[in-house]
Amino acid sequence: MQIAILTGAGISAESGLDTFRDAGGLWARYDLADLATPEGFARDPSLVLDFYNHRRRAARKATPNPAHAALARLQKQKGERVTLVTQNIDDLHERAGSDPVIHMHGSLFGALCGACRTRWPAAPVMRPADTCPACGAESPRPDVVWFGEMPCHMDRIMSALAQCDLFVAVGTSGAVFPAAGFVDLARDSGAKTLELNLEPGDRTGAFDTGREGPASVLVPAWVDKVLSV
Ligand code: APR
């Protein structure tokens, strides 16, 4: 059985990392237009770099929770029959032992040169005065996908959705496309679909089944069930 898994901020919530659209989430406190768009970065690179420096620090201090560990266990046992796609830019899946992890929105731990597109490991604190190691251009950006930009690795993701027998979404509100449409693509390819979330997401009606609760409880229970057959 081929399984495609999509995770969102909710899987890292119990590790202490902010989600976006829950009460008190990042987009309830900040204007995403200022912090997660190319226009916002062009207007005030220092503000945007500080926002991601804060999130990078928080992600470094966080530890994977039982949901990350369970998915890593599933990948270890099922190998290439599991494709793990995350919208998250933290590295908690990797630190739990997941490999590979497809980061469709990039990573807090990468830096990108807007001029020559060179990528390198991000410094713990990025500053506008930093320069690209390849071309010397100033003000590199975090290697993350902002609103209005194309997510990464879409070819690999589309292929996994076309081939999967089961699509599972964990900890995502289903508010942002194209990720919110992955359930439709999986279903159209004949897959069963399952939503594991604290509360029903925006696309909950598109899933065959759903379970509500914290990821740290739902995901280990689901993985145990999958590995028991
Ligand atoms: N366990 C399971 N689900 C949880 C938990 C938890 N402990 N806590 C919160 N959730 C659920 C919420 O109910 C919500 O449906 O996780 C979801 C988080 O939704 P969002 O905050 O919208 O995060 P996400 O779906 O990952 O956002 C998608 O939007 O802003 C962009 O780039 C950003 O990747 C992000 C994308």
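Refer to the structure above for everything that follows.
Source: prediction; values computed, not measured.

Bringing the pattern of salt bridges into the picture now. All chains considered together, the criterion is met by 11 salt bridges. Across the pair E149 and R141 runs a salt bridge whose closest N-O atoms are separated by 2.8 Å. Between R187 and D188 there is a salt bridge, with its nearest N and O atoms 4.0 Å apart. Owing to a relative accessible area of 34%, R187 belongs among the partly exposed residues under this scheme. The exposure class assigned to D188 is exposed, which follows from its relative accessible area of 61%. In the salt-bridge network here, residues are joined through shared partners; they are D184, R187, D188 and R203.

Close contact between helix α6 (residues 66–78) and helix α10 (residues 215–228) brings their axes to 7 Å; oriented N to C, the two are set at 20 degrees. If you check the angle between α6 and α10, you find them roughly parallel. Crossing angle aside, the handedness with which α6 passes α10 is left-handed. Side by side, α6 and α10 meet where P66, A67, A70, L71, R73, L74, Q77 and K78 of the first sit next to A215, S216, V219, P220, W222, V223, D224, V226 and L227 of the second. Class assignment of the residues belonging to the contact of α6 with α10 gives a composition of 12 nonpolar, 2 polar and 3 charged.

Moving on: the site of the ligand. Near the ligand, the surroundings consist of 23 residues, among which F20, R21, W27, T172 and S173 are the closest. One nitrogen or oxygen atom from the side chain of W27 is found 2.8 Å from an oxygen atom belonging to the ligand. Interatomic distance of 2.8 Å between a backbone N/O atom of A215 and a nitrogen atom of the ligand. When isolated, the ligand has an accessible area of 730 Å², and the protein chains bury 94% of it. Here the shell around the ligand is built from residues that sort into 9 nonpolar, 10 polar and 4 charged. When residues of the shell around the ligand are sorted by domain, at least three fall in each of domain 1 (3–17 + 64–105 + 150–228) and domain 2 (18–61 + 108–144).

This part takes up the sheet that holds strand β6 (residues 141–144). Sheet architecture is open: 3 strands sit in the order β5-β4-β6, paired in antiparallel fashion. Whereas interior strands pair on both sides, the edge strands pair on one side only; in this sheet they are β5 (119–121) and β6. Averaged over all adjacent pairs, the angle separating strand axes in this sheet is 55 degrees, with direction ignored. Relative to β6, strand β4 (residues 106–112) is paired through 3 bridges, and the arrangement is antiparallel. Across the sheet, residue A111 finds its bridge partner in β6, namely P142. Lying on the sheet, helix α5 (residues 45–61) is in contact with β4 and β6; it crosses β4 at an angle near 130 degrees.

Take the layout of surface pockets next. Reported here for the second largest pocket is a volume of approximately 280 Å³. Contributing to the lining of the second largest pocket are 21 residues, with E80, V82, T83, L84 and P100 lying nearest its centre. Broken down by secondary-structure element, the contributors of at least two residues to the lining of the second largest pocket are β1 (3–7), α6, β2 (82–86) and α8 (154–163). The greatest single-element share of the lining of the second largest pocket, amounting to 4 residues, is contributed by α8.

Formed by 24 residues in total, the largest nonpolar core has its most connected members in F51, Y52, L108 and W146. Of all the secondary structure elements, the ones that give two or more residues to this core are α2 (26–29), α5 and β4. Element by element, the count of residues in this core is highest for α5, at 5 residues. Built from parts of two domains, this core gets at least three residues from each of domain 1 (3–17 + 64–105 + 150–228) and domain 2 (18–61 + 108–144). With near-sequence residues (within four places) excluded, F51 lies in contact with L26, W27, Y30 and L35. Formed by 21 residues, the second largest nonpolar core is a distinct cluster that contains L84, V101, L196 and L218.

Conventions we followed
Residue numbers here run from 1 along each chain, matching the order of that chain's written sequence. Totals for whole chains, interfaces and linings use every residue, but because this is a predicted model, local features are given only for residues with pLDDT of at least 70 and side-chain atom pairs only at 80 or more, for both listing and counting. Only heavy atoms go into the side-chain values, all of them from the structure, while hydrogens and water stay out. Only one rule defines a salt bridge in this text: a Lys or Arg side-chain nitrogen within 4 Å of an Asp or Glu carboxyl oxygen. Burial classes follow relative accessibility: with a 1.4 Å probe on protein chains only, a residue under 20% of its type's maximum area counts as buried, one over 50% as exposed, and anything between as partly exposed. Fitted lines through C-alpha atoms serve as axes, helices being fitted only where they are in contact, and the angles separating the N-to-C directions of these axes extend from 0 to 180 degrees. Secondary structure follows DSSP: runs of H or I at least 4 residues long count as helices, runs of E at least 2 residues long count as strands, and numbering of each begins at the N terminus. Oblique is the label for every angle not falling under 35 degrees (roughly parallel), over 145 degrees (roughly antiparallel), or within 65 to 115 degrees (roughly perpendicular). The sense of a crossing depends on the near helix, which, turned anticlockwise from the far helix by less than a right angle, makes the crossing left-handed and, turned clockwise, makes it right-handed. Contact between two residues is taken to exist if any of their heavy atoms lie within 4.5 Å; hydrogens are not considered. Residue polarity is assigned by list, with Asp, Glu, Lys and Arg as charged and Ala, Val, Leu, Ile, Met, Phe, Trp, Tyr, Cys and Pro as nonpolar; anything else, Gly included, falls into the polar class. The cutoff for a nearby residue is simple: one of its non-hydrogen atoms must lie within 4 Å of the molecule or strand. Under this definition, polar contacts are N or O atom pairs within 3.5 Å; protein pairs additionally need one hydrogen-donor-capable and one acceptor-capable atom, and for neighbouring residues in sequence, both atoms have to be side-chain atoms. For every accessible area listed, the method is Shrake-Rupley and the probe measures 1.4 Å; residues are considered covered only by the protein chains on display. Each domain's limits were defined by an automated method or a database of domain assignments. Whether two strands pair depends on DSSP finding at least two bridges between them. Only protein atoms enter the 1 Å grid used here. Points where a 1.4 Å probe fits but cannot escape make up a cavity, open sets with protein on both sides within 12 Å along at least five of seven lines make up a pocket, and a residue lines them when an atom lies within 4 Å of a point. Grid points are joined across faces, edges and corners, and a volume is the space filled by probe spheres set on the points. Residues belong to a common nonpolar core when they are buried Ala, Val, Leu, Ile, Met, Phe, Trp, Tyr or Cys residues joined through side-chain atoms within 4.5 Å.

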